[in-house]
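Residue-level structure breakdown
Residues per chain are reported as follows:
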Amino acid sequence: MSAELTEPTRVGRLNNLANWNVAIIAITVLVLIIAAASVDSFGTGQNFGFLVLDLLPIALVALPMTMVIVTGEIDLSVASTLGLSSAFMGYLWNANQPIETIIPLCLLLGAVLGAVNGFFVTVLGLPSLAVTIGTLALYRGLAFVVLGDGAVADFPSVYTDWVTGTIGSTPIPNVLIVIVVLAAIFGVILHATPIGRAVFAVGAGEQAARFAGIRPGRLKFWLYVASGVISGLAGVLWTLRYSSARADNGAGLELAVVAAVLLGGVSIFGGKGALPGVIAGVVLLGSLQNALRLSDVSNEALNVVTGVLLIASVLGPNLANRLRRT
């Protein structure tokens, strides 16, 4: 009897998610068309490159964040992990370490920081919201301890030129390759592997997932490690893009990432989400911010837009579901 009730409910949720994904993709396309037609320079190849570079850290961090939120948890320390990775990169560069050694060490640092979050959440059983708010402040503070409030520049031009360069004579940035490859990897893992099915099962019901032989604690721990590694990578790419390692790099990025993920249809309560919708959410958020910057809108107003989208991303699916029930 319970199976008969559960399956229609699951199908209904999948249909709701599919409808939301279609809606957010359509809204994204509409915004791109309107911005290209009404905002000067938005549709140029040069601006496309800037847009992709602006989207890069949000898109990268949103990939593991999607899986973390689907399990019913959250990681608000991602921007601080990015900043600490950048500061560590600058510290090692000042210590005359080769860049080929620095980059893997920054990724390793990200893994350690993610593991700390995972330990507190999965081993000690502390709420992820409280834990990652704490490590948000801790990691940012450590970044200032490592590097101070100055900046380190003059990174090897072969790396900075690649990050800011394009593929051949096209306007397509090189870093788009990184986004596409990692998005494909995370998409396959989430939607076509037993790991992905376990992620959704844990988010839908942790106790039931345990009865099915899944170990929620171990799964969540490694998701936090993945979140740390990708945040560390985002810190490296951010530093190379601006050729500037700073302790405050990426400050506030966590709000944009969470807004993009929720806007893409991932439920803040866990158990539901799809990566195509998240990618559309990232593009929508980044395109709006880019168009507003080109229109000389202040950074304060951009923060308002991010906040409005964050609220809309939570209210939108809930209101749509209520309307369907009436």
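As shown above, the structure is provided for reference.
Residues numbered from 1 in each chain as written. Predicted model: local features only at pLDDT ≥ 70, side-chain atom pairs only at ≥ 80, totals over all residues. Heavy atoms only, no water.

Comments concerning the overall build of the protein
Cut-off, in case you're wondering: The helix and strand labels rest on DSSP assignments: H or I over at least four residues marks a helix, E over at least two residues marks a strand, and numbering proceeds from the N terminus. Every radius of gyration here is taken over C-alpha atoms, with the globule rule written as 2.2 Å times N^0.38, N being the number of residues. Relative accessibility decides the category of a residue: with a 1.4 Å probe and only protein chains considered, values under 20% of the type maximum give buried, values over 50% give exposed, and everything between is partly exposed. Residue contacts follow a heavy-atom distance rule, with two residues in contact if any of their heavy atoms lie within 4.5 Å. Only the protein chains shown count as cover for residues, and the accessible areas themselves come from Shrake-Rupley with a 1.4 Å probe. All tallies of charge rest on Lys and Arg as positive and Asp and Glu as negative; His and the ends of each chain are not included. A charge is said to be at NZ when it belongs to Lys, at CZ for Arg, at CG for Asp and at CD for Glu.
Across its full length, the protein holds 13 helices and 2 strands. A compact globule built from 326 residues would reach a C-alpha radius of gyration of about 20 Å, and the protein, at 20 Å, matches this within 12%. Summarising its shape, the C-alpha atoms of the protein cover approximately 65 × 50 × 35 Å along the three principal directions. Counting over 326 residues, the protein shows a buried share of 47%. Long-range pairs, those at least 24 residues apart, make up 79% of the contacts in the protein between residues at least 6 apart in sequence. By element, 68% of the accessible surface of the protein is carried by carbon and sulfur atoms, the whole surface being about 15,200 Å². Looking at charge distribution, the protein has the averaged site of its 15 positive side-chain charges lying 16 Å from that of its 15 negative ones.

Quick word on empty space enclosed by the protein
Note the cut-off: As defined here, a cavity is a set of points on a 1 Å grid over the protein atoms alone where a 1.4 Å probe fits but cannot get out. A pocket is an open set with protein on both sides within 12 Å along at least five of seven lines, and residues line them when an atom is within 4 Å of a point. Grid points are joined across faces, edges and corners, and a volume is the space filled by probe spheres set on the points.
Here the structure, examined in full by the defined rule, presents 1 cavity of 30 Å³ or more. Volume-wise, the largest cavity comes out at about 40 Å³. In terms of lining residues, the largest cavity is bounded by Leu 53, Leu 56, Pro 57, Ala 234, Leu 237, Trp 238, Arg 241 and Tyr 242. Within the residue set of the lining of the largest cavity, elements represented by two or more residues are helix 2 (45–70) and helix 10 (216–242). In terms of residue count, the dominant contributor to the lining of the largest cavity is helix 10 (5 residues).

Notes on the packing of helix 11 (residues 253–263) against helix 12 (residues 275–294)
As a reminder of what qualifies: To get an axis, a line is fitted to the C-alpha atoms, and for a helix only the part in contact is used. The angle between two axes follows their N-to-C directions and goes from 0 to 180 degrees. Here is the rule for angles: anything less than 35 degrees is roughly parallel, anything more than 145 is roughly antiparallel, 65 through 115 is roughly perpendicular, and the remaining ranges are oblique. Crossings are sorted by hand: turned counterclockwise from the far helix by less than a right angle, the near helix makes the crossing left-handed, and turned clockwise it makes it right-handed. Any residue that is not Ala, Val, Leu, Ile, Met, Phe, Trp, Tyr, Cys, Pro, Asp, Glu, Lys or Arg is counted as polar, Gly included; the first ten are nonpolar and the last four charged.
One way to put it is that helix 11 packs onto helix 12 with a least axis distance of 7 Å and a crossing angle of 130°. Between helix 11 and helix 12, the interaxial angle falls into the category oblique. For the crossing formed where helix 11 meets helix 12, the hand is right-handed. Packed against helix 11, whose contacting residues are Ala 256, Ala 259, Ala 260, Val 261 and Leu 263, the element helix 12 presents Val 278, Gly 281, Val 282, Leu 284 and Leu 285 at the interface. Each residue belonging to the contact of helix 11 with helix 12 can be placed in one class, and the counts come to 9 nonpolar, 1 polar and no charged.

Considering the packing of aromatic side chains
What counts is decided by this rule: Two rings from Phe, Tyr or Trp (for Trp, the six-membered ring) form a pair when their centres sit within 6.5 Å of each other. Planes less than 30 degrees apart are called stacked, planes more than 60 degrees apart edge-to-face, and all others tilted.
In the structure shown here, the tally under the stated rule is 4 aromatic pairs. Taking the centre distance of 5.7 Å and the plane angle of 50° together, the rings of Trp 238 and Tyr 242 count as tilted. Of this pair, Trp 238 and Tyr 242 both sit in helix 10, 4 residues apart, roughly one helical turn. Take Tyr 242: its relative accessible area is 45%, and that puts it in the partly exposed class.

Quick notes on helix 11
Counting buried residues along helix 11, 10 of its 11 residues qualify, which places the element largely inside the surrounding structure. If you check which residues of helix 11 are buried, you get Leu 253, Glu 254, Ala 256, Val 257, Val 258, Ala 259, Ala 260, Val 261, Leu 262 and Leu 263. Gly 265 occupies a position one or two residues after helix 11 and carries a positive phi of about 100°.

A look at the layout of surface pockets
For the second largest pocket, the calculated volume is near 600 Å³. In terms of lining residues, the second largest pocket is bounded by 23 residues, among which Trp 238, Ala 251, Leu 253, Gln 289 and Arg 293 are the most central. Broken down by secondary-structure element, the contributors of at least two residues to the lining of the second largest pocket are helix 2, helix 10, helix 11, helix 12 and helix 13 (299–325). Broken down by element, the lining of the second largest pocket gets its largest block of residues, 6 residues, from helix 13. Taken together, the residues of the lining of the second largest pocket sort by class into 12 nonpolar, 8 polar and 3 charged.

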